[in-house]
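# Remarks on the overall topology
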Amino acid sequence: MKVTEKDVAYVADLANLELTEQERAGMLRDLNSILDYVDRLNELDTSDVPPMAQVSDRYGVDESKQGSARFAYASREDIVEGLRKSLPHAEALANAPDADEDFFRVPKVIER
Amino acid sequence: MELTSLTIDAARAAVQERKTTAFALAEAHYARIQQEDGQIGAFLTLSKDRALEQADRIDRMAAEGKPLPPLGGVPVGIKDVMSTRGLRTTAGSKILENYVPPYDCTAVARMEAAGAVVLGKMNCDEFAMGSSNENSAYRPVRNPRDLNRVPGGSSGGSAAAVAADMAVVTLGSDTGGSIRQPASFCGVVGLMPTYGRVSRYGLIAFASSLDHIGPLAKSVKDAAIVLRTIAGRDPMDSTSAEVPVPDYVAELDKPVRGMKLGVAKEYFGEGLDDVVRQAVESAIDKMRTLGCEIVPVSLPHTPYAIPTYYLIATAEASANLARYDGVRYSHRARGVKTLSEMYRRSRDEGFGAEVKRRIMLGTYALSAGYYDAYYLKAQKVRTLLTRDFDEAFRKVDAIVTPTSPTAAFRLGEKSNDPLAMYLADIYTVTADLAGIPGISIPCGETKEKLPIGLQILGKHFDEATILRLAYAYEQASKSHSAASS
């Protein structure tokens, strides 16, 4: 058993999930079974292998440049309403479970 | 003329030549949906007003004798992970049950600009996480060929709707096989383009380094037409690549003689159903008779693809799904007193079991003390898997494999065993990890008349080659079945 009940509670906390007791028991079983399977990656020696985070750095980049300058095509001017107009407040708030005319409303954060 | 069995070109031509109208095409598809979808469950939301308004616009163009755009009047469906302005978009999840996006996904906007008529939003596994469509928070989708079987996932609604003539083409998304595997299970064509080929602006994110948008279609040519429509750089998505888009349709009937096709033994090992093996092997024989040279290649790290995928995809998902907090949109639990309680209870109530499982696995793999052992390790193996393809593509133009180890399985067959379900993606996840394009085309049936899929994988940004090979195979099997019937 790699993952313990304590781990499940800790990870649920990090993920902002509460989980019922039954769900926690299920997680304990499933995470252990999946991680056992995942363990086969340790059969491979990867000490000299660089990690790969994305595919995008292989195509369309300017090979003559260094670092983020290689992605010149992906950058743009940092200007207000450059590519698209900002949403009007009413539209931006339309999907909010709770809002007034200008703001999203949430339960009180600061105790006093 | 049977209005619900047309290809894109036939439908567009019929509207252009005033043999029918876009309005009649849309109505015929809605009638078909009315008749069939009660038992299949492919649609989550219908967008009749939007569809008929667009149909009307196309019909006026045709009446004025203006040339119609490439998808003029063609009824399509959009997987419900793509945002549609003013049209509910749920991602198959209760947490977005009432979400109405304020903007359109670029791929959808390009389809509509090309004249497509959006009939509605397609059912899918919640947040595109699943291989059977049983993880939809609304209802499972059933396979039109056999209602006791799954259509595959996660683009199950998109595949089933095309198979059941409820749409001419649909858009799906593929993160680990979610276009190709359901295409295979439902007997349609499914194309996952290269990573960066199609903008994901407006696609509800699952795993950002793996998510792709692509078509599910009745023919290879239809898939090529849709790709030509949606491909290309979009300034709204910084991962969309600055690589020219060829005319995929014009390239289709270029000869395939002399092309080199790789066959990797790792894709024909344990777990592959015998009937699927036979169908794929005879498809490979057919490619040989078309003049292709069959070349053995090795992709030695293949057995490590599923564990690599499930670490990377879940890690990215755990970050992407953190945004569902019940503040700006998405479900909010009632009667909560503190902000933290609001986050937790809203997410607890809004997410389904598989989504929670993946958020937990991904959070664990990224957490202090486990990051190197799991997430970083997976990223390194991802490099090895990609190098396998680089090596193979030095020798061959494309690689042919089965799409899925089995034909469609029964509802409930794997739903209690997450690991067994993950293995349904064993032949598809590697292409997502490497970012290369892949297509699934029908290549036969089992005794029970369940479709089998042939997968063709290509080099980065070389969709033209896999489409051309798929087209040659499709045409050859068509003339074969015409000759034998």
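Residues numbered from 1 in each chain as written. Chains lettered and ligands numbered in written order. Predicted model: local features only at pLDDT ≥ 70, side-chain atom pairs only at ≥ 80, totals over all residues.

### Some words on the environment of Cys292 of chain B
- Mapped onto the fold, Cys292 of chain B is located in the loop between helix 9 (274-289) and strand 8 (293-297).
- On a C-alpha basis, the gap between Cys292 of chain B and Gly120 of chain B in space is 41 Å, while along the polypeptide they are 172 residues apart. (Helix = DSSP H or I, 4+ residues; strand = E, 2+ residues; numbered from the N terminus.)

### Side note on the interface of chain B and chain A
- Contact with chain B, which involves 58 residues of that partner, is made by 46 residues of chain A.
- Mapped by element, the contributors of at least two residues to the side of chain B that touches chain A are helix 10 (305-320), helix 11 (339-350), helix 12 (353-366), helix 13 (371-392) and helix 14 (418-422) of chain B.
- Examining the composition of the side of chain B that touches chain A, we find that 11 residues originate from one element, helix 13 of chain B, more than from any other.
- For the side of chain B that touches chain A, the per-class residue count stands at 30 nonpolar, 15 polar and 13 charged. (Contact = placed C-beta atoms within 7 Å. Nonpolar A, V, L, I, M, F, W, Y, C, P; charged D, E, K, R; others polar.)

### Some remarks on unusual backbone geometry
- Each neighbour pair has its own omega, and for Gly153 of chain B with Ser154 of chain B the value is 10°, a cis peptide bond.
- Turning to its location among the elements, Ser154 of chain B is positioned in the loop between strand 3 (117-122) and helix 5 (156-163).
- The phi torsion at Asn16 of chain A lies on the positive side, around 55°, for a residue other than glycine.
- Along the chain, the position of Asn16 of chain A falls in the loop between helix 1 (5-14) and helix 2 (21-38).
- Residue Asn16 of chain A is classed as buried on the basis of its 20 C-beta neighbours within 10 Å.
- Positioned with a positive phi, Phe127 of chain B is a non-glycine residue whose angle comes to about 55°.
- Positionally, Phe127 of chain B belongs in the loop between strand 3 and helix 5. (Buried ≥ 20, exposed ≤ 12 C-beta atoms within 10 Å, placed from the backbone.)

### Some thoughts on the pairing of strand 7 (residues 260-264) of chain B
Residue and element names in this part refer to chain B.
- In the sheet, strand 7 pairs with strand 8 via 5 bridges, with the strands oriented parallel. Paired with Lys260 across the bridge in strand 8 is Glu293.
- You can see the chain leave strand 7, run along helix 9 and come back into strand 8, and the turn it takes is right-handed. (Pairing = 2+ DSSP bridges. Right-handed = clockwise from strand over helix to strand, strands pointing away.)

### Topic: the confidence of the model for chain A
- Confidence in the prediction for chain A averages 89 pLDDT; 96% of positions are at 70 or higher.
- At the level of individual helices and strands, chain A shows its lowest average pLDDT in helix 3 (residues 89-92) of chain A, which scores 94, and its highest in helix 1 of chain A, which scores 96. (pLDDT = per-residue confidence, 0-100.)

### So, helix 2 (residues 22-40) of chain B
Residues and elements named next belong to chain B.
- Within helix 2, the axis deviates most sharply at Gln34, by approximately 40°.
- Among the residues making up helix 2, those that are buried are Ala22, Leu25, Ala26, His29, Tyr30, Arg32, Ile33, Asp37 and Ile40.
- Here the buried face of helix 2 lies against helix 1 (8-16), strand 1 (43-46), helix 3 (48-63), strand 2 (75-79), strand 3 and helix 5.
- Just downstream of helix 2 lies Gly41, where phi reads positive at about 85°. (Bend = angle between axes of the 7 residues up to and from the residue.)

### Side note on the nonpolar core
- Grouped together as the largest cluster of nonpolar side chains are 167 residues, with contacts concentrated most on Val76, Val117, Val189, Leu467 and Ala470 of chain B.
- Apart from the residues lying within four places of it in its own chain, the contact partners of Val189 of chain B are Ala183, Leu216, Ala217, Lys218, Ser219, Val220, Ala223, Ile439 and Ile441 of chain B. (Core = buried A, V, L, I, M, F, W, Y, C linked by C-beta atoms within 7 Å.)

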